[in-house]
Amino acid sequence: MSRSFIARNPSVLWFLLALAVFTLGVTVLAEATGLGLVSTSFVKTLGKTLCLCLVAIAMDLVWGYCGILSLGHMAFFAIGGYAIGMWLMYARTRLIVTESLAAAPLPPTPDEITDGIAAQIFGVVGASEFPPIWAFAHSLPLQLAAVVLVPGLLALVFSWFAFRSRVTGVYLSILTQAMTLALSLYLFQNDSGLRGNNGLSGLQNLPGLEAVGQPVLSMAFFWASALALAAGYVLASWVVSGKFGSVLRGIRDDEARVRFLGYPVETYKLFIFTLSAVIAGIAGALYYPQAGIINPAELAPIASIYLAVWVAIGGRGRLYGAVIGAAFVSLLSTWFTGGQAPDLVLGPVRIQWVDWWTVLLGLSFVAVTLFAPKGIGGLFDLVRLRRAPDRHGADLGPDTGALREREAET
Amino acid sequence: MSALLEVSGVSVSFDGFKALNNLSFSINERELRAVIGPNGAGKTTFMDVVTGKTRPDQGRVSWGEPPVSLLGRSESAIAVAGIGRKFQRPTVFEDQSVADNLMMALKKPRGPLSVLLFRPASEDLDRVAELADTIGLSTQLSRKAGELSHGQKQWLEIGMLLAQEPRLLLVDEPAAGMTTAEREKTTDLLRAAAQSRAVVVVEHDMDFVRRLDCRVTVLHEGSVLAEGSIDHVTRNESVIEVYLGR
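Please read all numbers here as calculations on a predicted model, not as lab measurements. (Residues numbered from 1 in each chain as written. Chains lettered and ligands numbered in written order. Predicted model: local features only at pLDDT ≥ 70, side-chain atom pairs only at ≥ 80, totals over all residues. Heavy atoms only, no water.)

Draft legend 1. How the structure looks around the overall build of chain B. Within chain B, the secondary structure is distributed over 10 helices and 10 strands. Relative to a compact globule of 246 residues, whose C-alpha radius of gyration would be 18 Å, chain B shows 18 Å and is just as compact. Along the first, second and third principal axes, the C-alpha atoms of chain B reach 55 × 40 × 40 Å. Within chain B, residue pairs in contact and separated by at least 24 positions form 67% of the contacts whose partners lie at least 6 positions apart. If you sum the accessible surface of chain B, you get close to 10300 Å²; carbon and sulfur atoms cover 47% of it. If you average the places of the 29 positive and of the 33 negative side-chain charges in chain B, the two averages end up 3 Å apart. (Helix = DSSP H or I, 4+ residues; strand = E, 2+ residues; numbered from the N terminus. Rg over C-alpha atoms; globule rule 2.2 N^0.38 Å. Contact = heavy atoms within 4.5 Å. Areas by Shrake-Rupley, 256 points an atom, 1.4 Å probe, with all protein chains shown as cover. Lys, Arg positive; Asp, Glu negative; His and termini not counted. Charge placed at Lys NZ, Arg CZ, Asp CG, Glu CD.)

Draft legend 2. Region of interest: the interface of chain B and chain A. Contacts between the two partners involve 37 residues from chain B and, on the opposite side, 33 residues from chain A. At the junction of chain B with chain A, the criterion picks out three salt bridges. Measuring nitrogen to oxygen at the nearest pair gives 2.8 Å for the salt bridge that ties B:Glu75 to A:Arg166. The tally of links from chain B across to chain A stands at 10 residue pairs in polar contact (both at pLDDT 80 or more). In terms of residue count, helix H3 (residues 98-105) of chain B provides more of the side of chain B that touches chain A than any other element does, five residues in total. Considered class by class, the residues forming the side of chain B that touches chain A number 17 nonpolar, seven polar and 13 charged. (Salt bridge = Lys/Arg side-chain N within 4 Å of Asp/Glu carboxyl O. Polar contact = N/O pair within 3.5 Å; in protein donor to acceptor, adjacent residues only side chain to side chain. Nonpolar A, V, L, I, M, F, W, Y, C, P; charged D, E, K, R; others polar.)

Draft legend 3. Spotlight on the packing of aromatic side chains. Throughout the structure, instances matching the rule amount to 22 aromatic pairs over all chains. Judged by centre distance (5.9 Å) and plane angle (80 degrees), the ring pair of A:Tyr263 and A:Tyr268 falls under edge-to-face. For A:Tyr268, a relative accessible area of 0% translates into the label buried. A network of ring pairs unites the aromatic residues A:Phe76, A:Phe158, A:Phe163 and A:Phe273 as a single cluster. Here A:Arg164 stacks its cationic end above the ring of A:Trp160, 4.4 Å away from the centre of that ring. A cation over an aromatic ring shows up here: B:Lys185 above the ring of B:Trp155, its NZ or CZ 4.1 Å from the ring centre. (Phe/Tyr/Trp six-rings, centres within 6.5 Å; stacked < 30°, edge-to-face > 60°. Buried < 20%, exposed > 50% of the residue type's maximum accessible area, 1.4 Å probe, protein only. Lys NZ or Arg CZ within 6 Å of the ring centre and 35° of its normal.)

Draft legend 4. Examining the side chain of A:Ser276 more closely. All names here are of chain A. With respect to the element layout, Ser276 can be found in helix H11 (residues 265-291). Look at Ser276 and you get buried, because its relative accessible area is 0%. There is a polar contact of 2.4 Å between the side chain of Ser276 and the side chain of His73. Apart from the residues lying within four places of it in its own chain, the contact partners of Ser276 are Ala58, Val62 and His73.

Draft legend 5. Up close: the packing of helix H4 (residues 73-101) of chain A against helix H6 (residues 140-164) of chain A. Residue and element names in this part refer to chain A. Between H4 and H6, the shortest axis-to-axis distance is 8 Å and the interhelical angle comes to 160 degrees. Relative to H6, H4 is oriented roughly antiparallel. Where H4 crosses over H6, the two elements pack in a sense that is right-handed. In this structure, H4 uses Phe76, Ile79, Gly80, Ala83, Ile84, Met86 and Trp87 to contact H6, whose residues at the interface are Leu140, Gln143, Leu144, Ala146, Val147, Val150, Pro151, Leu154 and Ala155. Broken down by class, the residue content of the contact of H4 with H6 amounts to 14 nonpolar, two polar and no charged. (Axes fitted to C-alpha atoms, helices over the stretch in contact; angles between N-to-C directions. Parallel < 35°, antiparallel > 145°, perpendicular 65-115°, else oblique. Left-handed = near helix turned anticlockwise from the far one by under 90°.)

Draft legend 6. Quick look at unusual backbone geometry. Cis peptide bonds are those with omega within 30 degrees of zero, and the linkage from B:Glu65 to B:Pro66 qualifies with 0 degrees. On the secondary structure map, B:Pro66 appears in the loop between strand E4 (58-63) and strand E5 (68-69). Of note, A:Arg166 is a non-glycine position whose phi angle comes to about 60 degrees, a positive value. On the secondary structure map, A:Arg166 appears in the loop between H6 and helix H7 (169-188). Since its relative accessible area comes to 36%, A:Arg166 is described here as partly exposed. In this structure, B:Glu173 takes a positive phi of about 40 degrees despite not being glycine. Tracing the sequence through the fold places B:Glu173 in the loop between strand E7 (168-172) and helix H7 (180-193). When its relative accessible area of 11% is taken as the criterion, B:Glu173 is described as buried.

Geometry only, nothing functional implied.
This is the structure:
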């Protein structure tokens, strides 16, 4: 019991090793830093995938370990993206505006510059003044703080209301869906102050670093995403190991019992939900500069449902399962929807994967749930010869989020 | 000696059905008490009220010295105040090892931050080993609780309650589904527990209650019908009529 953290969590070491090999491999093959066999756009895809793995870890913390099926986690991810996107857009537009005003006979006043930036950014929604939420957009440190604070505060307020009223199970899932849908609909409005359905764009250009070029920038973001994923994995493993992890799993399987042991269940849920939202926000802040654009569609309820599907397919309740699920399904999704997958001809029917991919994903989700509840992560159990308990089909606890017989280990 | 727990005039109704009807009950420190009664007499509701799961419509529940009201406190706050509860079916954390179950129950700060930073010291490990010894599960510490037999799970749950070091233990039908040998061991565990704390045992089984050899409270239709030694209550006419006579 008093062994070191790594000895108690061997998966951490293996994960970090695999991630390091992968990151170095991509670096060696990339355009900017190595042989040029991997294109810059694919480096960006891989970097984005690492961010999705990070948000999947956040999802696994609340769902796999604490039994809270949140179907609104991509809202926190997108808020992180918006927070960093505001600074990126402001700072870059500022450079452009100062440059164009420099040609004028009189040096521009600060007000003229601000008005110029506002006109540039908000012209598309017919406004020319900064809405109040852009008050801190000029400052990178403040917007970076917002990446962490805004998702954290939203999660704190949401979970305070939801958990204090003891909303659990499917009702909580619906509530989280409503949260992300409401936020998405609000952001779609032009007067929401975040450019409505246009969203924020041009985020791939870092202000002042135009000369560096996208190949190098994408490598930098790829590395940053890999580091964030590594840090997130270690943090999450630390949180779920030891007594805190015991309490979380107890809440997942039998919340009432944990309460009668004297643990304030609501506070634990609030803590883990908020922590997970913060991780999601950070993942989003790294994702959107690589994607280049963010708009309210990113907060659509379906995005958060996909996140749950990734974690389920990878295997919930184990952190590497969440990572594998997110990486595998999102890369496969890129391949199928990118039109690269060859059409499947079944007699008169021609299956075009761009349309049929979601059907395939849905079927695999159902199949995993029914036939392989441990998901892809369960393959590792074959190597470890881990056996499932024989409980004649009974779950490991009375709660809806409780681990199922075949998800558990004897 | 003043009472450790005093329940007075408590009534609870669910959709017009009076589960508890002006119930009064009190128990002293280090007292072992059995509560019996037919189905629907309000035994479980009584426990729910004391542990904060159910809010009574009226009445008082006061606890400790000096007496404080328990009404309006959350389940976890009441558990921390020193009331432990054992459910009818064994409820242990089946996906976790016996050692983890006991470690979780040990009397330690319950807040998220102190739990997050908690690392078991050697005296905690010793305490877990000692508890496992008491409940006869020393050799099973690393097994998952879900693999234990029904009786072993019941003992593990009693062990977890002892680990909480409560001043009052509420035990719901501990002997249900146990073999005779297991029952005897359970009786010993409960009697030993009552040496240092108050224990209330809710039980159906008259033989088991007789073996506990303690004061008995008979509940019927949500209020106390009779109270006294087992021989006293089994001679009571109305008790015979509503309970034993059936």
